[in-house]
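Chain residues, written in single-letter form:
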Amino acid sequence: MSAENNVASDEALSLLNKVFGHPDFRGAQREIVEHVAAGGDALVLMPTGGGKSLCYQLPALLRRGTALVVSPLIALMQDQVDALRQLGVRAALINSTLDADAVAATERALRKGEIDLLYCAPERLVMPRMLAALEDADLALFAIDEAHCVSQWGHDFRPEYLQLSLLHERFPQVPRIALTATADPQTRAEIIRRLGLGEARVFVSSFDRPNILYTIVDKQDARAQLLRFIRAAHAGEVGIVYCLSRRKVDETAAWLAGQGVRALPYHAGMPAEARAENQARFQREDGIVMVATIAFGMGIDKPDVRFVAHLDLPKSIEGYYQETGRAGRDGAPADAWMTYGLGDVVQQRRMIEQSEGGEDYRRVSAAKLEALLGLCETADCRRVRLLAYFGEQAGPCGNCDTCLEPPETWDATEAARKALSCIYRTGQRFGAGHLIDVLRGRATERVSNYGHDGLAVFGLGAELDEAGWRGVFRQLIALGYARPDHEAFGALRLTEASRPVLKGEQRIELRRAAPRKAKPATRQRAAWAGAASPAEAALLERLKAWRAGQAREQSVPAYVIFHDSTLAALAVTRPSDLGALSAIDGIGARKLERYGPQLLELLRG
Ligand code: ADP
Ligand code: ZN
């Protein structure tokens with residue numbers, strides 16, 4: 001490294017400490033910042049919460065002139081600008097929410113070099129008037145956020161992004177950094193091609209999210225399980241609950257609200273204003289739980305989402321990972337929690353079989369579902385599975401349910417034989433509910449009508465209860481020994497793979513259903529939550545109340561004042577002077593000056 005680079009590096013670190021209040025770089029940030037600050041082009045692939053913003057914000061401060069940030073997330077621009085202004089950075093925005101006077105004023109400031117970072121919507125950027133203003137300005141760099149929006153095959157495609165290649169043509173000397181959290185190789189290639197980034201250095205970070213604790217529980221009474229989970233681990237905290245259908249979203253949100261959880265619904269069937277209102281409340285207020293379909297997706301930029309819960313099975317590991325990735329962007333411990341049961345498997349299979357897509361589509365979808373079911377049923381580390389899916393190798397993580405409490409497995413060979421033979425003996429025409437009645441020897445009307453109480457399998461399965469048998473059927477389907485037939489209303493049929501099991505030639509090992517627990521596995525939690533002692537918990541509450549007051553007064557979201565993790569660190573370490581305060585992650589020079597005295601007072605009290 002040259003002497004000059006060392007200087008740049010020292011300066012970058014000192015700005016990181018002073019302006020952002022972070023003690024150190026994370027992952028590849030330092031390398032990326034140095035590369036871009038030195039005038040290089042970059043493509044940055046980093047998971048959500050990895051810390052992409054700093055990769056352009058710091059070079060913007062290190063280089064002369066204004067950095068232009070292109071982002072499709074108009075609803076969030078103001079918050080991003082507010083957050084930077086809190087740090088003393090000269091940030092501004094131009095988008096369709098501004099009136100003509102405000103735009104003109106910002107353009108003047110741009111020409112005069114009074115802006116460090118200018119956020120701009122893509123459709124605005126490519127207008128002749130904006131380009132003319134840029135010609136007159138001194139430009140530090142272009143940052144293209146959510147760069148996967150150039151991909152015509154992705155679900156976030158924005159046609160205006162295709163025009164961004166003109167930046168390179170008009171301003172060849174200005175470095176560009178494109179950023180995305182979308183990991184797959186096709187999207188990466190498309191970004192490089194469409195934005196002319198062939199010469200750019202590509203930085204690929206690990207897609208691991210170590211602070212997220214993955215838990216997948218057997219579905220019993222999903223709502224009640226969800227409520228227990230929220231009360232035990234996340235009372236009063238921000239979360240997202242994903243459901244498959246709009247109706248379930250509405251019902252779940254109303255039910256949670258009735259139980260005292262501050263829950264709001266969000267789905268594409270709601271009137272646009274109501275939807276926007278709920279999103280704005282989620283973004284700005286503290287402690288809202290958003291119950292949503294996957295329509296609630298890109299544009300969620302809340303760093304302090306403490307949990308993402310799934311009441312229904314997503315379609316694929318990609319979907320699951322993207323949705324759960326919205327938890328814990330601030331790096332503090334967060335939960336990804338899902339209930340999953342027999343009905344989910346049956347429902348997803350049905351959706352695939354009944355989809356309009358062609359044969360190829362169905363095959364690909366089935367394979368994706370298979371991989372996800374593998375994740376649900378595994379008795380090994382969830383994270384190892386997840387990362388392997390994205391081509392990364394890892395060892396057992398110690399921060400997922402199976403690592404924290406390894407599930408028991410049991411020799412289910414006999415039970416599997418009974419279940420499969422029950423399917424066979426009843427003519428492969430019945431769903432799991434009826435089959436379980438037969439196995440458990442319940443002479444229901446239906447069972448008697450079909451004469452199934454006279455079968456050899458009737459009453460053969462008394463050793464397992466209803467839930468136990470559901471677990472067996474679910475796993476047999478997930479593992480491919482049986483499949484629901486949707487032409488026949490979900491009747492279970494045997495597959496080729498069931499033969500050796502029926503003949504007693506193959507052993508089957510299944511997961512035992514975990515005992516029902518009120519408290520989810522949470523090893524990391526105690527280390528940070530600040531609620532270790534009642535005194536700390538009380539102090540944390542006071543700090544949050546103070547933060548809420550500041551946020552209201554300044555009309556900014558609470559996290560723009562301080563992140564949860566910063567408040568938690570304050571409550572635990574109780575700094576007693578300004579020097580000790582400034583050592584806390586998230587307290588830079590400007591916030592120290594502005595809030596330091598008040599914080600010290602609160603901490604003393
Ligand atoms: P992304 O855009 O990649 O999802 P952000 O840039 O929003 O992520 O950063 C996620 C969170 O991590 C933010 O709360 C940010 O303050 C925090 N963060 C980023 N870099 C650092 C760092 N070097 N030290 C501590 N916190 C950081
Ligand atoms: Zn693990």
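Residues numbered from 1 in each chain as written. Chains lettered and ligands numbered in written order. Predicted model: local features only at pLDDT ≥ 70, side-chain atom pairs only at ≥ 80, totals over all residues. Heavy atoms only, no water.

## Some remarks on the state of the cysteines
Here is the idea: a disulfide is a covalent bond, and it sits between the sulfur atoms of two cysteines. Taken as a whole, this structure holds zero disulfides when the rule is applied. No disulfide involves C149; its sulfur sits 15 Å from that of C120, the nearest cysteine. The exposure class assigned to C149 is buried, which follows from its relative accessible area of 0%. (Disulfide = S-S within 2.5 Å. Buried < 20%, exposed > 50% of the residue type's maximum accessible area, 1.4 Å probe, protein only.)

## As for the coordination of the zinc ion (ligand 2)
In this structure, C381 (SG), C397 (SG), C400 (SG) and C403 (SG) serve as the protein donors to the zinc ion (ligand 2), at separations of 2.3 to 2.4 Å. The site at the zinc ion (ligand 2) holds four donor atoms, and with the angles between them running 102 to 119°, its shape is tetrahedral. All donor residues of the zinc ion (ligand 2) come from one chain, and their arrangement in sequence is C-x15-C-x2-C-x2-C. With a gap of 22 residues between them, C381 in the loop between α16 (359-377) and α17 (382-389) and C403 in helix α18 (residues 401-404) connect regions that are remote in the sequence. The class of C381 is buried, set by a relative accessible area of 5%. Among the residues examined, C403 registers a relative accessible area of 22% and is labelled partly exposed. (Donors = N, O, S within 2.8 Å, 3.2 Å for Na, K, Ca; no water. Tetrahedral: all angles 85-135°; square planar, octahedral: opposite > 155°, others 65-115°. Helix = DSSP H or I, 4+ residues; strand = E, 2+ residues; numbered from the N terminus.)

## Focus on the sheet that holds strand β1 (residues 42-45)
Strand order in the open sheet formed by seven strands is β3-β4-β2-β5-β6-β1-β7, and the pairing between neighbours is parallel. Every interior strand has two partners, whereas the edge strands, β3 (91-94) and β7 (201-204), have only one. For this sheet the average axis-to-axis angle between neighbouring strands, irrespective of direction, equals 20°. Pairing between β1 and strand β6 (residues 176-180): four bridges, direction parallel. Paired with V44 across the bridge in β6 is L179. Here helix α5 (residues 100-111) sits on the sheet and contacts β2 (66-70), β3 and β4 (117-120); the angle it forms with β3, its principal contact strand, is near 130°. (Pairing = 2+ DSSP bridges. Axes fitted to C-alpha atoms, helices over the stretch in contact; angles between N-to-C directions. Contact = heavy atoms within 4.5 Å.)

## Digging into the site of ligand 1
In the region of ligand 1, 17 residues are neighbours, and D24, G49, S53, R329 and H563 sit closest. Between ligand 1 and Q29 there is a distance of 2.9 Å, counted from a nitrogen atom to a side-chain nitrogen or oxygen. Taking G50, its main chain carries an N or O atom lying 3.4 Å from an oxygen atom of ligand 1. When ligand 1 is considered free in solution it has 560 Å² of accessible area, and contact with the protein chains removes 85% of it. Taken together, the residues of the shell around ligand 1 break down into three nonpolar, eight polar and six charged. (Near = heavy atom within 4 Å. Polar contact = N/O pair within 3.5 Å; in protein donor to acceptor, adjacent residues only side chain to side chain. Areas by Shrake-Rupley, 256 points an atom, 1.4 Å probe, with all protein chains shown as cover. Nonpolar A, V, L, I, M, F, W, Y, C, P; charged D, E, K, R; others polar.)

## Things to note about the packing of helix α19 (residues 413-425) against helix α20 (residues 432-439)
In the contact formed by α19 and α20, the axes pass within 10 Å of each other and the chain directions differ by 110°. Comparing their axes, α20 and α19 come out roughly perpendicular. By crossing handedness, the relation of α19 to α20 is classed as right-handed. Residues K418, A419, C422 and I423 of α19 form the contact with α20, whose participating residues are L435, V438 and L439. Counted by class, the contact of α19 with α20 contains six nonpolar, no polar and one charged residues. (Parallel < 35°, antiparallel > 145°, perpendicular 65-115°, else oblique. Left-handed = near helix turned anticlockwise from the far one by under 90°.)

## What about helix α14 (residues 317-324)?
Of all eight residues in α14, six are buried, a share of seventy percent or more. Where the residues of α14 are buried, they touch β8 (212-218), β9 (239-242), β12 (307-310), β13 (334-340), α16 and α17.

## Here we look at the pairing of β9
Here β9 shows a buried face lined by G239 and V241 and a second buried face lined by I240 and Y242. Judged from the four bridges that link them, β9 and strand β11 (residues 289-292) form a sheet pairing that is parallel. When the sheet's bridge partners are listed, V241 is paired in β11 with V291. Relative to β12, β9 is paired through four bridges, and the arrangement is parallel. The residue bridging I240 from the neighbouring strand is V308, located in β12.

## Points about the domain arrangement of the protein chain
Many authors give the size of an interface as the accessible area that is lost as the parts come together. According to the domain assignment, the protein chain consists of domain 1 (3-204), domain 2 (212-404), domain 3 (409-511) and domain 4 (532-604). Computed from C-alpha coordinates alone, the two centres of domain 1 and domain 3 are separated by 57 Å. (Domains from an automatic or database assignment.)

## Details of the sheet that holds β13
Strand pairs in the sheet, formed through backbone hydrogen bonds, run parallel or antiparallel to each other. The strand order across the open sheet formed by six strands is β8-β13-β12-β9-β11-β10, and the pairing between neighbours is parallel. At either end of the open sheet lies a strand with only one pairing partner, and these are β8 and β10 (263-266). The mean inter-strand angle of the sheet, taken between neighbouring strand axes irrespective of direction, is 15°. Pairing of β10 with β11, which is carried by four bridges, proceeds in the parallel orientation. Among the inter-strand pairings, L264 is bridged to a residue of β11, identified as M290.

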